[in-house]
Amino acid sequence: MPSNSSEKKIQSNVAKQVTPLIVMVVFVLLTIWFILDPVGTGVPSMVVVEVDASQIDSSPIRQMLGDSPTARIGGVDQSCTACHGALLGTTRRNAPLAQHQHVKLNHGINDDCLNCHDAEERDKLALRTGQKISFKMSHQLCAQCHGTTYRDWQDGMHGKTLGSWQLQSRQRRSLKCVECHDPHAPAFDSFEPLPGPHTLRMPPEHQKNQDKIDDGKPATASPSPLRRWSWPTDKEGSGH
Amino acid sequence: MTMDPHNKEDQASDQGCQGSCGCGSGDGKVSRRSFLRVGAAALGGMAALTAALSPLRELDPDDLPSVEEFIQKHYKEMSGEQMQAALGRIEKDVQKRFGVTPEVADIKPLDGVEFVYALNLSRCIGCRKCVHACVAENNQSRSPEVQYIRVLEMPRGTTDLEQGDHHYDRPKVPSDHHYYMPVQCHQCASPPCVKVCPIEATWQESDGITVVDYDWCIGCRYCEAACPYWARRFNFAEPQIPKDKLNKKMSYLSNRPRHKGVIEKCHYCLQRTRQGQMPACLEVCPVGARKFGNVLDADSDVTQILKHKRVFVLKEDVGTLPRFFYYFDERYPRSQGGEA
């Protein structure tokens, strides 16, 4: 049918005229898209709270007393012999004390001051054999009851060695037991953790594309809206 | 059916264009209308192209490598003199970027030394001090954030890494129901990351440390994909470090500041350890969970641990032979139901 073929022709002509227009509209839309950049080609980064240098200090947790031990009494550091010896001769075991209330023994069945402290000379510690040792050698005291841990410590498997990995180095120093453990309550306290990573997940919506470093204030672990953990379920709890 | 009168004109103007082209006429003449139509489309195309290229406006000439950097040789092929020149260039670069004068050196491995790391999982409490001490020591980018060490909070009773959580966010650690597993580069003896590098920008040194030449790296990130421990980090944007936080003691293969588009990773603090010091993550650990030393020395801490403790490595079955070992002590502390 001739009318049919001419219709086709008309249609193809219309298509020919419209195609450039469609192409143009598409290009214009593309231009607008590229300029507005709605998805963003930037790297998402966020405000990173700088960790304060004091929070990553490598000095030991505790300061050990050393050879002339002092007790802080009434805000003053006094040597043990200032009171003990001349003034206080006799000793009572396991009785409530008139002094040193801050010493709260939490060391299992090791609940006697004189298991460790010497009865006569208070600026000395005493081994089971009666031998007096100086405060600096307190690890020998611990060794009596914690043989395996002490052996590990000697071999560098327990505790911490600072300074150098070279065994003959003079910088090398192993922390003493009492630089980590309080001899009276040796279990470790819990710690406040430093902030977790941000790189391993997308930042929360409101923090996108903020290229800023905020240093100054020490970091605190603030709860994030994307936190993934929840309190342990029964399944996790019974796993051990 | 008769022809639609409205189409007459159009048809006339398109006469002669029987070809398949939609452009102008077959006899070489372009009618004004079709020219305008096609021209408009072409103009639109140009605009779109320009807009698409517009991010180039933000290109900073400083981002481009300098001539010296461009012609610099591979690390292993540089002579002493050329290395000195490279170190000088890096010093100037750091000065320009941060306004501080660093001490850049090229610290070589020691003879008879093979470094090994051991980590006591019964001790680690997940405080993340190691993560941040590492960032400070090794001049990692603060924004976007780059960290070499990831600390996983793991439910007790499994070593399945899939169950670990990086983002634990507790007021206090440790949690009674979890243990903590820090993961960083394991300095494998058979490193897949080195094998996949197409240009030898990363290699294993004689002391076992796998290093990256940041000037040679092209940023293809093959190594990042090849690493089974997720230990490599890519600089997606120009690293930002506050200048007062910059560690001025730098080494070519380790903690000198990186540029955008290169890979970096833990190198056991080689600027410290090759001079006898301990890595920064070990020094800061408050519980003494981290142990480091020379495995070729029979008396070193790590040799003792390998001898006396039940050590294991992560993903042993992939055959990477890590130089990073984990171990547990025989007992959990009393608070976890063990005994003294």
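What you see is a predicted model; the values in this text were computed from it and never measured.

Asker: Explanation requested: the overall build of chain B in the structure shown.
Answerer: Counting its regular elements, chain B contains ten helices and twelve strands. Every one of the 340 residues in chain B was classed for burial, and the buried ones make up 54%. Partitioning the intrachain contacts of chain B with sequence separation of at least 6 by distance along the chain shows that 65% fall at a separation of at least 24. Taken as a whole, chain B presents about 15,800 Å² of accessible surface, with 55% of it coming from carbon and sulfur.

Asker: Looking at this structure, I do not really get the packing of aromatic side chains. What am I missing?
Answerer: One pair of aromatic rings is described through two measures. These are the centre distance and the angle between the planes. Under the criterion given, the structure shown has 16 aromatic pairs over all chains. On the numbers, 4.9 Å between centres and 85° between planes, the contact of Trp165 of chain A with Phe115 of chain B is edge-to-face. Residue Trp165 of chain A is located in the loop between strand S6 (161-162) and strand S7 (173-174), and its partner Phe115 of chain B is located in strand S2 (residues 115-120); the two belong to separate chains. An angle of 20° between the planes, with centres 6.5 Å apart, marks the rings of Phe188 of chain A and Phe191 of chain A as stacked. What makes Phe191 of chain A buried here is its relative accessible area of 17%. A cation sits over an aromatic face here: Arg128 of chain B above Tyr168 of chain B, 3.9 Å from the ring centre. In this arrangement the basic side chain of Arg258 of chain B is found over the ring face of Tyr214 of chain B, its NZ or CZ atom lying 5.5 Å from the centre.

Asker: So what exactly am I meant to see when it comes to the side chain of Glu153 of chain B here?
Answerer: Residue and element names in this part refer to chain B. Its location among the elements puts Glu153 in strand S3 (residues 150-155). The class of Glu153 is buried, set by a relative accessible area of 2%. For Glu153, the side chain forms a polar contact with the side chain of Tyr180, separated by 2.7 Å.

Asker: I tried to follow unusual backbone geometry on my own but got confused; where do I start?
Answerer: Peptide bonds are, in most cases, trans, and in most cases residues other than glycine have a negative phi. Put simply, Ser143 of chain B and Pro144 of chain B share a cis peptide bond, and its omega is -5°. Mapping Pro144 of chain B onto the fold places it in the loop between helix H5 (129-137) and S3. Along the chain, Val173 of chain B connects to Pro174 of chain B via a cis peptide bond; the corresponding omega equals -5°. Relative to the helices and strands, Pro174 of chain B is located in the loop between S3 and strand S4 (178-183). Phi at His100 of chain A takes a positive value of approximately 55°, unusual for a residue other than glycine. Note that His100 of chain A resides in the loop between strand S3 (76-79) and strand S4 (124-126).

Asker: What is the right way to look at the sheet that holds S2 of chain B in this model?
Answerer: Residues and elements named next belong to chain B. The four strands are arranged S10-S2-S12-S11 in an open sheet whose pairing can be described as mixed. Of all the strands in the sheet, just strand S10 (290-294) and strand S11 (311-312) have a single pairing partner and so form its edges. Pairing geometry for S11 and strand S12 (residues 324-327), over two bridges, is antiparallel. Bridge pairing links Val311 to Tyr327 in S12.

Asker: What exactly am I supposed to notice about the pairing of S12 of chain B here?
Answerer: A regular strand places its side chains so that they alternate between the two faces of the sheet. All names here are of chain B. Burial along S12 is two-sided: Phe324 and Tyr326 facing one way and Phe325 and Tyr327 facing the other are all buried. In this structure, S2 lies alongside S12, joined through four bridges in parallel fashion. If you follow Asn120 over to S12, its bridge partner there is Tyr327.

Asker: Would you mind showing me how to read the packing of helix H2 (residues 138-145) of chain A against helix H3 (residues 147-154) of chain A here?
Answerer: When two helices pack together, their arrangement is given by the angle between the helix axes and by the axis-to-axis distance. All names here are of chain A. In the contact formed by H2 and H3, the axes pass within 6 Å of each other and the chain directions differ by 135°. Classified by the angle their axes make, H2 and H3 are oblique. Mapping the contact onto sequence places His139, Ala143 and Cys145 in H2 and Gly147, Tyr150 and Trp153 in H3. Considering only residue class, the contact of H2 with H3 consists of four nonpolar, two polar and no charged.

Asker: I tried to follow H2 of chain A on my own but got confused; where do I start?
Answerer: Because the α-helix completes a turn every 3.6 residues, residues three or four places apart line up on one side. Among the residues making up H2 of chain A, those that are buried are Ser138, His139, Leu141 and Ala143 of chain A. Among the structural elements, S4, strand S5 (132-134), H3 and helix H4 (177-180) of chain A are those in contact with the buried residues of H2 of chain A.

Asker: Before we go on, may I ask you to explain the pattern of salt bridges in this structure?
Answerer: Once their charged atoms are close, side chains differing in charge can pair, the charge on each being opposite to the other. Summed over the entire model, instances satisfying the criterion amount to 25 salt bridges over all chains. Between Lys132 of chain A and Asp118 of chain A there is a salt bridge; the shortest N-O distance is 3.5 Å. With Lys132 of chain A in strand S5 and Asp118 of chain A in the loop between S3 and S4, this pair connects stretches of sequence that are 14 residues apart. The exposure class of Lys132 of chain A is partly exposed, given its relative accessible area of 34%. Residue classification places Asp118 of chain A among the buried positions, given a relative accessible area of 6%. The residue Arg274 of chain B makes a salt bridge to Glu205 of chain B at a minimum N-O spacing of 2.8 Å. With Arg274 of chain B in the loop between helix H8 (270-273) and helix H9 (280-284) and Glu205 of chain B in the loop between strand S5 (202-204) and strand S6 (210-212), this pair connects stretches of sequence that are 69 residues apart.

Asker: Is there a simple way to think about the nonpolar core in this case?
Answerer: If you look at soluble globular proteins, the nonpolar side chains tend to sit buried side by side. Residue and element names in this part refer to chain B. Residues Ile149, Met181, Tyr252, Tyr268, Phe292 and Tyr326 are the most contacted members of the largest nonpolar core, which totals 61 residues. The leading source of residues in this core is helix H4 (residues 80-98), at six residues. Dropping the residues within four chain positions of it, Tyr268 is found in contact with Phe115, Tyr117, Cys185, His186, Gln187, Ile209, Thr273, Pro279, Phe292, Arg323 and Phe324. Core analysis: the second largest hydrophobic core is formed by ten residues, Cys197, Ala201, Cys223 and Ile263 among them.

Asker: Sorry if this is basic, but what is going on with a nonpolar patch on the surface here?
Answerer: Nonpolar side chains collect at one region of the surface, where Val14, Val18, Ile22, Val26, Leu30, Trp33, Phe34 and Val39 of chain A lie side by side and expose about 680 Å² of accessible area between them. Judged by its relative accessible area of 32%, Leu30 of chain A falls in the partly exposed class.

Conventions adopted
- Residues numbered from 1 in each chain as written.
- Chains lettered and ligands numbered in written order.
- Predicted model: local features only at pLDDT ≥ 70, side-chain atom pairs only at ≥ 80, totals over all residues.
- Heavy atoms only, no water.
- Helix = DSSP H or I, 4+ residues; strand = E, 2+ residues; numbered from the N terminus.
- Buried < 20%, exposed > 50% of the residue type's maximum accessible area, 1.4 Å probe, protein only.
- Contact = heavy atoms within 4.5 Å.
- Areas by Shrake-Rupley, 256 points an atom, 1.4 Å probe, with all protein chains shown as cover.
- Phe/Tyr/Trp six-rings, centres within 6.5 Å; stacked < 30°, edge-to-face > 60°.
- Lys NZ or Arg CZ within 6 Å of the ring centre and 35° of its normal.
- Polar contact = N/O pair within 3.5 Å; in protein donor to acceptor, adjacent residues only side chain to side chain.
- Pairing = 2+ DSSP bridges.
- Axes fitted to C-alpha atoms, helices over the stretch in contact; angles between N-to-C directions.
- Parallel < 35°, antiparallel > 145°, perpendicular 65-115°, else oblique.
- Nonpolar A, V, L, I, M, F, W, Y, C, P; charged D, E, K, R; others polar.
- Salt bridge = Lys/Arg side-chain N within 4 Å of Asp/Glu carboxyl O.
- Core = buried A, V, L, I, M, F, W, Y, C linked by side-chain atoms within 4.5 Å.
- Patch = residues over 30% accessible without salt bridge, like charges linked within 9 Å, V, L, I, M, F, W, Y side chains within 5 Å.

Nothing here speaks to function; it is geometry throughout.
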